[in-house]
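# Structural features, examined
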Amino acid sequence: MSHHDIPLPFQRKWRKLPYIIEDSTPRTHTNIPENVMTEAEDDVTSKWTTSPLGTGLSPLCIKLKNTSVAYAIKFGKCSKQNASSMKEFKVYGGVDKQKMLLLATASISALKNDDESETFSLKYTLATNHEIVYPVLYINICPISSWSTTNHLPSIFYVEIIGDRNPATIRYVTQDYQKFLEQESLRLCFSHLRERRIPHPKIPEPTFVTNLYNACIAGNWDAIDRLLAKNIQSRDTSITWTRLGDSKQEHQGSWPCGRGGHQLVCSDQNQEIYLLGGWNGKINLADFWKYSMATNQWALIDANTSTNGGPSPRSLFKMVMHDPTQKLYVLGGYTDPSTNTPKSDFYMFDSKKWTKFSSDTHADGGPSFVSNLEMCIDHAGNALYVFGGKFQSTYESFYRFDLLNKTWTKLRSDDGPYNGMPLKNRTECCMMYHPDKHQIYIFGGNRGKEPLRDLYVYDIGSDTVLELCRDVGLTGGPCPLNIVKAALDYERDEMYVITGTTRQGTLDNPETLKNEFWIFNLKSNEWTFLHVPEFKSRAAFGITYSVLNKKMFVLGGKEGDNMPVTHRLGDLWCAKISNVSSDEMLRRARFVSLKFKFYEMCYTSSPDSLEPLIFLRDVVGDIVNHQDPTENVNFQELNSFFMVQKCLTGSDGSVDWLHRNRTNMMNELLEFFPDMKSKTNIIDLVVNYEKNTSKSLTD
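Let me begin by describing the structure that accompanies this report. (Residues numbered from 1 in each chain as written. Predicted model: local features only at pLDDT ≥ 70, side-chain atom pairs only at ≥ 80, totals over all residues. Heavy atoms only, no water.)

Another point: the overall build of the chain. A count of helices and strands for the chain gives eight helices and 40 strands. Counting across all 699 residues of the chain, residues that qualify as buried make up 51%. Summarising the internal contacts of the chain: among those between residues at least 6 apart in sequence, 61% fall at separations of at least 24. (Helix = DSSP H or I, 4+ residues; strand = E, 2+ residues; numbered from the N terminus. Buried < 20%, exposed > 50% of the residue type's maximum accessible area, 1.4 Å probe, protein only. Contact = heavy atoms within 4.5 Å.)

Here it is as structure tokens:
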């Protein structure tokens with residue numbers, strides 16, 4: 001197919017778009033994905049080959065150098081017919097890897113098995129509105145089949161993306177596309193209201209939000225201040241996320257590789273974090289690392305613990321630390337069944353060497369070989385508590401291990417004994433020990449296809465299970481949820497929860513990644529939604545919590561379903577959780593409102609006026625915490641903003657600009673009231689609708 005066979009929109013120039021390989025699987029010594037960037041038709045090895053992914057095949061994800069409009073895709077071939085050459089495929093694209101639309105599909109008119117390169121049109125307009133051009137930054141090429149009659153996996157020899165990346169064009173296209181999304185969102189809102197015969201709807205939101213909106217839009221700064229002072233009193237918890245590093249980008253060789261299903265354990269006594277094992281997307285790991293909170297440096301303790309008397313490579317296991325002795329205990333997990341017979345081995349590390357407590361805890365009266373189990377430790381009572389996990393179709397029970405006598409006791413099972421409430425066996429739950437109350441909190445988990453949303457407390461002294469809540473979603477907690485990670489701060493009597501995979505309950509889309517941060521107060525039994533973490537959505541990540549520093553650490557995990565099956569994250573994040581006074585929260589909120597008031601003064605004052613600068617110095621500067629690095633930088637940026645505006649012309653503070661500025665202020669102020677802020681963006685709903693529409697029209 002020549003370029004003239006493909007419609008040329010807007011008379012734009014066609015050009016080859018530069019790109020890099022964003023991700024793929026697998027990476028072998030010869031069939032590396034970068035091969036597709038070079039057209040080497042005489043080299044039969046210059047190709048990339050896909051691998052199985054669930055019920056399909058893994059995609060090749062490429063990232064364009066700039067946001068562009070992609071009109072066509074060209075596939076080069078080997079000069080000799082090759083049975084592994086890709087035959088059928090689909091192409092997806094978008095500016096967000098998690099929100100891609102179907103751009104092309106080739107099944108009936110598939111690639112030919114010859115040596116002639118072929119070019120295929122890509123859909124560059126929306127399925128629901130062909131006048132709206134769709135910008136892309138990422139492109140996923142999803143092989144479906146090859147020309148082989150013996151089930152060879154499809155291979156791609158060369159890929160060329162053809163399109164337009166002219167900055168002026170892309171700026172127009174991006175703005176037009178965003179405008180369409182906003183208009184379509186409004187249309188859906190009005191359509192929904194008309195269908196329900198609500199001509200003049202009363203907005204279903206808290207009165208405070210309505211009053212704050214009216215004050216912001218009117219520019220009534222005194223009213224804004226009064227509303228903040230009156231309502232911010234109970235909003236006293238804040239969290240600050242800091243990205244500490246990434247193995248892929250910054251610390252090659254001195255940082256653990258990307259992984260999921262691993263374990264992190266914090267030692268407040270030594271200000272260190274221990275990392276063991278996990279799955280890197282291809283194999284289970286047995287590397288053992290130590291991280292210094294003081295220096296932000298990782299040190300490799302052992303590249304393979306199995307060669308030094310420690311655990312074999314594994315994932316989905318559990319590791320805990322006994323604070324008084326600084327000993328680590330490792331139990332369970334998933335290992336390669338082809339390399340050994342599954343046995344529930346049990347290990348201890350005492351800062352110098354590994355000791356194998358047991359080769360088979362089931363034979364010793366303890367749990368059988370399971371993965372996705374939970375374990376916590378009673379430091380004063382010198383006991384480990386192990387609950388749940390699964391092997392094949394069997395769910396494990398609730399056990400206690402005496403660290404002094406090295407004996408196991410079964411405490412609970414599905415069939416009893418009951419002392420208080422029954423406790424259903426499960427996988428992937430959260431279990432946390434409270435040393436002051438001498439109790440264990442058990443939250444969530446899974447039983448088959450049933451996501452559990454219950455919350456229990458096990459009282460060690462009375463050997464009693466009490467049910468705090470049958471379904472946390474009905475009491476203001478996270479819902480729906482499937483897999484969560486949680487940590488307990490016993491000094492504050494708070495449980496911190498990060499949701500991972502959420503189960504939506506539909507056959508078409510049973511699970512999605514949705515990370516949210518929640519707090520559960522053990523004294524009031526109340527849930528508070530704090531915010532969505534700043535890092536990429538992920539599952540199978542590891543967490544640990546420092547009670548001394550009030551910090552949670554999050555490492556690695558698996559990104560969304562659009563990513564290759566072997567892709568694992570290696571980034572480390574730290575969340576500083578602060579119980580800030582209401583006065584401090586009010587000061588921060590006032591800084592936000594004064595910042596936007598300053599913006600307006602810069603736009604609306606005369607070019608030679610120094611009033612904005614005086615306001616910045618005397619009013620804004622007086623409320624800023626200059627000891628806070630982030631706030632101080634923000635304050636300096638305001639000064640730079642004033643100098644830039646002095647050099648601009650035509651900034652007359654139009655009605656549209658004022659409304660946009662005040663709406664932005666409203667949204668930023670609502671960050672101080674997370675339980676009153678909408679958690680769903682309606683534009684995302686429009687994007688998902690367009691995604692489903694384009695798929696159905698193509699199929």
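Having put the structure on the table, let's press on.
This brings us to the packing of aromatic side chains. According to the stated counting rule, one finds 42 aromatic pairs in the structure shown. A centroid spacing of 4.9 Å and a plane angle of 45° characterise the contact between Phe349 and Trp354, whose relative ring orientation is tilted. Judged by relative accessible area, which is 6%, Phe349 ranks as buried. Residue classification places Trp354 among the buried positions, given a relative accessible area of 9%. Joined through ring pairs, the aromatic side chains of Trp241, Tyr496, Phe517, Phe535, Tyr545 and Trp573 make up one cluster. Geometry around Trp147 places Lys87 over its ring, the cationic atom sitting 4.5 Å from the centre. Its guanidinium or amino end placed over the ring of Tyr395, Arg447 lies 4.6 Å from that ring's centre, counting from NZ or CZ. (Phe/Tyr/Trp six-rings, centres within 6.5 Å; stacked < 30°, edge-to-face > 60°. Lys NZ or Arg CZ within 6 Å of the ring centre and 35° of its normal.)

Within strand 8 (residues 101-106), five of the six residues are buried, which leaves the element mostly enclosed by the surrounding structure. Here strand 7 (residues 86-94) runs beside strand 8; their pairing, made up of five bridges, is antiparallel. Paired with Tyr92 across the bridge in strand 8 is Leu102. Count of turn residues in the strand 7/strand 8 antiparallel hairpin: six residues. (Pairing = 2+ DSSP bridges.)

Taken together, Glu39, Glu41, Asp42, Asp43, Asp115 and Glu116 make up a surface patch of like negative charges. Note on placement: Asp42 falls in the loop between strand 2 (19-23) and strand 3 (48-49). Here Asp42 falls in the exposed class, since its relative accessible area comes to 67%. (Patch = residues over 30% accessible without salt bridge, like charges linked within 9 Å, V, L, I, M, F, W, Y side chains within 5 Å. Areas by Shrake-Rupley, 256 points an atom, 1.4 Å probe, with all protein chains shown as cover. Salt bridge = Lys/Arg side-chain N within 4 Å of Asp/Glu carboxyl O. Lys, Arg positive; Asp, Glu negative; His and termini not counted. Charge placed at Lys NZ, Arg CZ, Asp CG, Glu CD.)

With phi around 55°, Lys406 is a residue other than glycine that occupies positive phi space. As for its position among the elements, Lys406 is in the loop between strand 26 (398-402) and strand 27 (407-412). Although it is not a glycine, Ala540 adopts a positive phi angle of roughly 60°. On the secondary structure map, Ala540 appears in the loop between strand 37 (526-531) and strand 38 (542-546).

Once that is clear, we can look at the pairing of strand 22 (residues 374-378). Remember that side chains alternate between the two faces of the sheet whenever the strand is regular. Burial within strand 22 is extensive, with five of its five residues counted as buried. With five bridges joining them, strand 22 and strand 23 (residues 383-387) adopt antiparallel strand pairing. What sits directly across from Ile377, in strand 23, is Leu384. Hairpin geometry of strand 22 and strand 23 is characterised by an intervening segment of four residues between the two adjacent antiparallel strands and by a positive phi of about 50° at Asn382.

Turning our eyes to something else, we now look at the pattern of salt bridges. Counted according to the given criterion, the structure contains 26 salt bridges. Beyond isolated ion pairs, a larger network of salt bridges with shared partners links Lys77, Lys112, Asp114 and Glu118.

Moving on, we get to the nonpolar core. Core analysis: the largest hydrophobic core is formed by 39 residues, its most contacted members being Leu212, Ile224, Phe598, Val620 and Leu669. Elements represented by at least two residues in this core include exactly helix 2 (207-218), helix 3 (221-231), helix 4 (582-604), helix 5 (611-623), helix 6 (629-646) and helix 7 (655-669). The element that contributes the greatest number of residues to this core is helix 4, accounting for 12 residues. Sequence-distant contacts of Leu212, defined by excluding residues within four places in its chain, comprise Ile224, Leu227, Met666, Leu669 and Leu670. (Core = buried A, V, L, I, M, F, W, Y, C linked by side-chain atoms within 4.5 Å.)

This part takes up the sheet that holds strand 22. By way of backbone hydrogen bonds, the strands of a sheet pair with one another, either parallel or antiparallel. Strand order in the open sheet formed by four strands is 22-23-26-27, and the pairing between neighbours is antiparallel. Lying at the two open borders of the sheet, with one neighbouring strand each, are strand 22 and strand 27. Strand-to-strand, the axes of this sheet are offset by a mean angle of 20°, without reference to chain direction. Examined bridge by bridge, strand 26 and strand 27 share five bridges and lie antiparallel to one another. Its bridge partner being in strand 27, Phe398 is matched across the sheet by Arg412. (Axes fitted to C-alpha atoms, helices over the stretch in contact; angles between N-to-C directions.)

All right, on to the packing of helix 2 against helix 3 then. A pair of packed helices can be characterised by two numbers: the angle between their axes and the separation between those axes. Two elements in contact, helix 2 and helix 3, have axes separated by 9 Å at closest approach and are oriented at 155°. The orientation of helix 2 relative to helix 3 falls into the category roughly antiparallel. Helix-helix and strand crossings are classified by hand; for helix 2 and helix 3 the assignment is left-handed. Residues Phe208, Asn211, Leu212, Ala215 and Cys216 of helix 2 pack against Ala223, Ile224, Leu227 and Asn231 of helix 3. (Parallel < 35°, antiparallel > 145°, perpendicular 65-115°, else oblique. Left-handed = near helix turned anticlockwise from the far one by under 90°.)

Below, the discussion takes up helix 3. Of the positions making up helix 3, those classed as buried are Ala223, Ile224, Leu227 and Leu228. Looking down the long axis of helix 3, one finds its buried residues gathered within 135° of arc, a one-sided arrangement. Turned more than 90 degrees from where helix 3 packs its buried face, Asp222, Arg226 and Lys230 sit exposed. (Arc of directions from axis to C-beta.)

This part is about the environment of Leu373. Among the structural elements, Leu373 can be located in the loop between strand 21 (354-358) and strand 22. For the pair Leu373 and Tyr395, spaced 22 residues apart in the sequence, the C-alpha separation amounts to 9.5 Å.

This part takes up the environment of Phe529. Within the secondary structure, Phe529 is located in strand 37. Overall, Phe529 belongs to the buried group, its relative accessible area being 7%. Spatially, the C-alpha atom of Phe529 lies 8.6 Å from that of Gly476, the residues being 53 residues apart in sequence.

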